[in-house]
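# Reading the structure
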Amino acid sequence: GNLRSLEKLSVGFNNFRRVPDVLTRLKKLGELWVSENLTFSDDDALPPWMSKMVALKVVMIDDDPRRSPPEVVAERGIKKMLAFVARVNASRASGHLDLSALGLRECPFAPFPRKITILQLSNNKIEKIDENVTVLGLLEELLISDNRISELPFNIDRLIRLRKLVVSRNRITKLSDAFGPGMKMLVRFDINHNRLQELPASLALNTVLRELRVSGNLLKELPFEMHFMTQLSTLRLEENNWKDSMEEASKMEIEPLLAFLKQLYEARESKILDLSKQRIKDVPGMVLRLSDMEKLDLRHNKITEIPSFICLLVELRDLNIRDNRVKDLPQELGSVRGLEILDAGQNKLYRVPECLASLENLTNLWLDQNGIKEIPDWFPKLISLKYLNIDYNKLKMMPPEFGAMLRLEQLLMVSNRFLNFPATCCEVLTMVELSICDAENIISMPASIINLQPKLRKLVMNGCSLSRIHDSVGYCTNLTILSFANNNVTVVPHTFHMLTQCHVLNLQGNRIVAFPDIFNLTNLTHLNLSDNEITTVDLRIGDLNQMEELNLNNNKIASIPLTIATLTCLTELDLQRNRIMTLPWAIGTLDSLTQLQLHSNLLTSCPPTMSNLVNIRILTLRDNQISEVPDFVASLTELKRLTLKQKSLKGLPEISVQRVGEDAKEVPPTPPAWTPREDYGEDSRKFFQANEAEEDGRMGPQKNMRFNA
């Protein structure tokens, strides 16, 4: 003990049973070798009083370095060294080695027992995990949070039994591509609060990982392949540098998030990306990873601005931003020269975006339900435009230059503020469909409508204030659908008899007194004359023999002619709210009828021939003067709904009869939901169906009928 300057002492190969306490007086002792003595126990090898030997750096208990404190531990001081040795010794029995908070700068795996299953190295100053970690082949949990680690060892996947890996609060910037596939038993992976900028796509190959925590990193995107990780039960993504809509996506539940990533993944092959109804506020920057995408659907979101990087999608053909909050489109969009379809309907546009002037290949354009007040004079530059929908805007006129449109075929202008008929539209000789509805200031139409005769197939002017339909309309002999509902028309032009190609004629809601002279319209399948003042029905033999639906609801008709029998194709007949007292026996010959509306008339009985209406499914007889249920009802085997007045009924047959009171309403067929981009094709029934169930029991057709592309 008097050798105060002694720096190194070796007492190996003797018979000591413990470290002599006299050594505490050797204040400068830096190395102590006590190997190969008599049975040093693990507990007594280094007694606690050795913590007073502040200069001690190296202690060799025996020749096996796994039982001696390594230099990296010794340099932390005797207290840390003693703690290290004690914990290593304790782990031999428990399999749990806790070396947290020892101030370690490196991780000395050499002295560790090979059988440990849990290794905790948290709260140290470790900068690197040595490759030798793989010698711990039985390791199941590795906890190394709160260190200074910048990367995980490349061969960490050799810890094939590892189930839990926690490396939170470090400095890790990247994960190896081999990280996921090899770790086949990893169930939990925590890498919160690091510096990760991306997750490897190979992570998705881990099919057992259930808990993934990557909060507090620098992630901008997620790999699309993550949608395969359907086994995930916990996914934490907060506090990252998410691009655009990934901020919203990161807040999603796991299932919708994986579905979102699946869409992106599949878009690589299909070149179609559907991000509709995702509640996103920004266009996700990750769409740029799909540079060859041809269709981008962003409908029904909360997007306020279309980013300029949209111009990088050079293969884009179809862009749909309907039902968002966009106020303008970026000028850069004009460089996407291949764009053919653009739906910007139901936004907050106050003008037609100038960038559209460069889109020479644009064929279909929706600008409906915005606040647009005028059409610019450069509009004819859209030389390929065939379809234009500007419904529900604030247009008061069309520019004279609009007549120079070269290929425009369909023009929809419902519910604007036109002061008069936009005559310049009649100069577009390629026009196939023209719809100008709900324009109360339009009281007349120009004779120049005849200019559209070569191509015009559909003309709709519902809800205007027309008192007269110009005779020129009758010369547009290629018309197949014609509608002037809810105007003030009193007389149908005699020229209408030339519309031999017409399939649908809607004159509902006018002031027509006489049944129109339409004897030549042998191709007519739908005729709506409801809500007029017609008193007689004039049907000549052979007229209208293709008629399928005839609506004469709410007129002043007193009788139906026998020639009704010529309508052999009729499936729906609406005669409600008239003054009919009797029905002709010929009505029983209409064996194709499925719906017959007769309520609110003056009928006292029905002809027995109605028993031949074997296909009838709906029959309304209420609000007449019928006191007994007609006998023929029992033979109508297809009947699903029968409405009768509740009182004064006698002799009900054994059939399911719906009895209704005085205030009952007929239930009309459910009208189709109007989708601006829906293609109704030849199904004109949707044009003809009712829009509402009126309180007085009528089944009236729509007041404002809309035709779609």
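Structural data are supplied above this passage.
Residues numbered from 1 in each chain as written. Predicted model: local features only at pLDDT ≥ 70, side-chain atom pairs only at ≥ 80, totals over all residues. Heavy atoms only, no water.

### Focus: unusual backbone geometry
The line we're drawing: In DSSP terms, a helix is any run of H or I states spanning at least four residues, a strand is any run of E spanning at least two, and both are numbered starting from the N terminus.
Non-glycine residue His 300 carries a positive phi angle of around 55°. The backbone phi angle of Asn 554 is positive, close to 60°, even though this residue is not glycine. Position of Asn 554 relative to the elements: it lies in the loop between β23 (549-551) and β24 (572-574).

### Notes on the sheet that holds strand β7 (residues 164-166)
Counted only if it meets this: Only strands joined by at least two bridges in the DSSP assignment are considered to pair. To define axes, lines are fitted to C-alpha atoms, for helices over the stretch in contact only, and angles between the resulting N-to-C directions are given on a 0 to 180 degree scale.
Strand order across the open sheet formed by seven strands is β4-β5-β6-β7-β8-β9-β10, with parallel pairing between neighbours. A strand with exactly one partner marks an edge of an open sheet, and here the two such strands are β4 (96-98) and β10 (234-236). Sheet twist, expressed as the mean angle between neighbouring strand axes with direction ignored, is 5°. One ladder, built from three bridges, connects strand β9 (residues 211-213) with β10; its direction is parallel.

### What about helix α5 (residues 254-270)?
Condition: Expected helix span is taken as 1.5 Å per residue step, with the number of steps being one fewer than the number of residues. Burial here depends on accessible area, computed with a 1.4 Å probe over protein chains only, as a share of the maximum for the residue type. Under 20% is buried, over 50% is exposed, and the range in between is partly exposed.
The end-to-end C-alpha distance of α5, which contains 17 residues, comes to 24 Å, matching closely the 24 Å that a straight helix rising 1.5 Å per residue would cover. Residues Ile 254, Leu 257, Leu 258, Phe 260, Leu 261, Leu 264 and Ala 267 constitute the buried set of α5. Phi turns positive one or two residues past the end of α5, at Lys 271, with a value near 65°.

### Some details on the packing of aromatic side chains
Threshold: Only Phe, Tyr and Trp rings take part, Trp by its six-membered ring, and two of them pair if their centres are within 6.5 Å. Stacked means planes under 30 degrees apart, edge-to-face means over 60, and tilted covers everything else.
In the structure shown here, the tally under the stated rule is four aromatic pairs. When the ring of Trp 366 is compared with that of Tyr 387, the centres are 4.8 Å apart and the planes differ by 45°; the resulting orientation is tilted. Note that Trp 366 is positioned in strand β15 (residues 364-366) and Tyr 387 in strand β16 (residues 387-389), a separation of 21 residues in sequence. Of the residues examined, Trp 366 reaches a relative accessible area of 4% and is grouped as buried. We classify Tyr 387 as buried; its relative accessible area is 0%. A network of ring pairs unites the aromatic residues Trp 378, Phe 379 and Phe 402 as a single cluster.

### Considerations on the layout of surface pockets
Applicable threshold: Both site types are read off a 1 Å grid over the protein atoms alone. A 1.4 Å probe that fits but cannot get out defines a cavity, while an open set with protein on both sides within 12 Å along at least five of seven lines defines a pocket; lining residues have an atom within 4 Å of a point. Grid points are joined across faces, edges and corners, and a volume is the space filled by probe spheres set on the points. Put simply, Ala, Val, Leu, Ile, Met, Phe, Trp, Tyr, Cys and Pro go in the nonpolar bin, Asp, Glu, Lys and Arg in the charged bin, and everything else, Gly too, in the polar bin.
When its volume is computed, the second largest pocket comes out at roughly 270 Å³. If you go around the second largest pocket, you meet 16 residues; those closest to its centre are Glu 151, Leu 152, Pro 153, Phe 154 and Ser 176. Residue classes in the lining of the second largest pocket are distributed as eight nonpolar, three polar and five charged.

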